[in-house]
Amino acid sequence: MRSNIKLGRISGVEIGLHYSWFIIAALIVFSLGEHFRQANPNWSPAQIWISALLTGALFFVTLLLHELAHSLVAQHRGLKVTAITLFALGGVSQIQDDATDAKTEFWVAIAGPVASLIIGLSCLGIALGLRWQPSTEPHIAVTGVLVWLGYINIALAAFNMIPGFPLDGGRVLRAIIWAITKNADRSTRIAARIGQVVAFLFILDGIWQFFSGAGFGGLWIAFIGWFLMDAAKASYAEVEITAAFRGVRVSDVMARDCAMVSPRISLQDFINTYLLRAGERCFAVEDQGRLVGLITPRDVGAIPRERWDKTTVREAMRPLQELHIITPDTPVLDALKLVASNDVNQLPVVANGALQGMVSRSQLVQLLQARSELRLPAAYYPSLPRNGKEASSSA
Ligand SMILES: [Zn+2]
């Protein structure tokens, strides 16, 4: 989830909005307006809409406080937080590193719901101080706003504590399983499976309610269930990938059989001598022993066929400065993140200006498939022989 509109920074954390947030903000303000209008027929339209807008804005502030609570506790426990994004279903804090111990996971996860609960109870407390009587509709605008914010924040805390990973409650559950089993991967797997069960119950309940006449409300619950199911599945897949590649370096998996192409030959020569020859999957453009770029079938395809014999490889290639370069010591997980976040297919592995090999997206996927076909336990990875050159450069 990336934000489309940046609002500013708090404690080094970038605060942003995703476009989908506006849909939910408009829905909240309109349903609040309708709610205030029905509850207080004597209010003027200005009073109704100002209250609705103010409540909507304050709700946004309380959502932000929930996320900030996660972020500040994470920072306090030494994790790096890059951004908070508010979207249709609430907020997400982008915490860069995973918690390294169960205690950190627990406190970071529970901070948000605790913040929401404190905000909710405070709002209701102030409303009580303004002589609002529980189980009655508040009649002045200020208590109307406070009571709604109070209930919604308590509901928010309760919803987030549902034990469906990756919801806060699921993370708290994961931290507890982690503390008991002392195994981070296993705790994520168990929490993600429970998350899928919870999500499935949401979907069933939503469909049930829809057919018993709840209409849109039922569909909304089913939609949240579907979203949770997706998130739980993604968390499960992520832990599998992380476990499979933990401790593995790029030099252990990179392809070393790249063809070296001169930048001065024409594309037609490149196609005849290299591209149409079986067995070669990556093509490095090297000039006097130094990597200057990469050339792929996609780059060739971008040049019209009639210009293939007049265009050189140098003109068609992707130059070095446009490539994402990794070293043999880069962890494979970092390479995977680079591939995913930049949408590139190949990463050249370079040491001292010279190409050592190549890591490609399809190759990483094949590695994962091989592991799952062999049914290797997550922690199994042979200590692969490293060649002497890399051993001496890392020493
Ligand atoms: Zn939260």
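Since the model is a prediction, treat every value here as computed from it, not as a measurement. (Residues numbered from 1 in each chain as written. Predicted model: local features only at pLDDT ≥ 70, side-chain atom pairs only at ≥ 80, totals over all residues. Heavy atoms only, no water.)

Draft legend 1. How the structure looks around the overall build of the protein chain. Across its full length, the protein chain holds 14 helices and 10 strands. Computed over the C-alpha atoms, the radius of gyration of the protein chain is 28 Å, more than 25% above the 21 Å expected from 2.2 N^0.38 for a compact globule of 395 residues. With the principal axes as the frame, the protein chain shows a C-alpha extent of 85 × 55 × 45 Å. Burial analysis of the protein chain (395 residues in total) assigns 43% to the buried set. Here the contacts in the protein chain between residues at least 6 apart in sequence split such that 60% fall between residues at least 24 apart. Of the side chains in the protein chain, 34 bear a positive and 30 a negative charge, and the two mean positions are spaced by 3 Å. (Helix = DSSP H or I, 4+ residues; strand = E, 2+ residues; numbered from the N terminus. Rg over C-alpha atoms; globule rule 2.2 N^0.38 Å. Buried < 20%, exposed > 50% of the residue type's maximum accessible area, 1.4 Å probe, protein only. Contact = heavy atoms within 4.5 Å. Lys, Arg positive; Asp, Glu negative; His and termini not counted. Charge placed at Lys NZ, Arg CZ, Asp CG, Glu CD.)

Draft legend 2. Region of interest: the pattern of salt bridges. As enumerated under the stated definition, the model contains 8 salt bridges in all. Between Arg-37 and Glu-34 there is a salt bridge whose closest N-O contact spans 2.7 Å. With Arg-37 and Glu-34 both in helix H1 (residues 20–39) and 3 residues apart, this pair spans about one turn of that helix. Among the ionic pairs, Arg-318 bridges to Asp-299, the shortest N-O distance being 2.5 Å. With Arg-318 in strand E8 (residues 318–319) and Asp-299 in helix H10 (residues 297–301), this pair connects stretches of sequence that are 19 residues apart. (Salt bridge = Lys/Arg side-chain N within 4 Å of Asp/Glu carboxyl O.)

Draft legend 3. Region of the structure containing the confidence of the model for the protein chain. This prediction gives the protein chain a mean pLDDT of 82; 92% of its residues lie at or above 70. Ranking the elements of the protein chain by mean pLDDT puts helix H14 (residues 388–394) last with 36 and helix H3 (residues 102–129) first with 93. (pLDDT = per-residue confidence, 0-100.)

Draft legend 4. Focus on the coordination of the zinc ion. Protein coordination at the zinc ion comes from His-66 (NE2), His-70 (NE2), Asp-168 (OD) and Asp-168 (OD), with a distance range of 1.9 to 2.8 Å. Because the angles between the 4 donor atoms bound to the zinc ion fall within 51 to 152°, the donor set is best described as irregular. Assessed through its relative accessible area of 2%, His-66 is described here as buried. (Donors = N, O, S within 2.8 Å, 3.2 Å for Na, K, Ca; no water. Tetrahedral: all angles 85-135°; square planar, octahedral: opposite > 155°, others 65-115°.)

Draft legend 5. Representation of the pairing of strand E3 (residues 81–87) in the model. Of all the 7 residues making up E3, 6 are buried; the element is thus mostly covered by neighbouring parts of the structure. In this sheet, E3 lies alongside strand E2 (residues 13–17) in parallel orientation, the contact comprising 4 bridges. Paired with Ile-15 across the strands is Ile-84, a residue of E3. Bridge analysis of E3 against strand E4 (residues 90–95) gives 6 bridges, and the strand direction is antiparallel. Bridge pairing links Ile-84 to Ser-93 in E4. (Pairing = 2+ DSSP bridges.)

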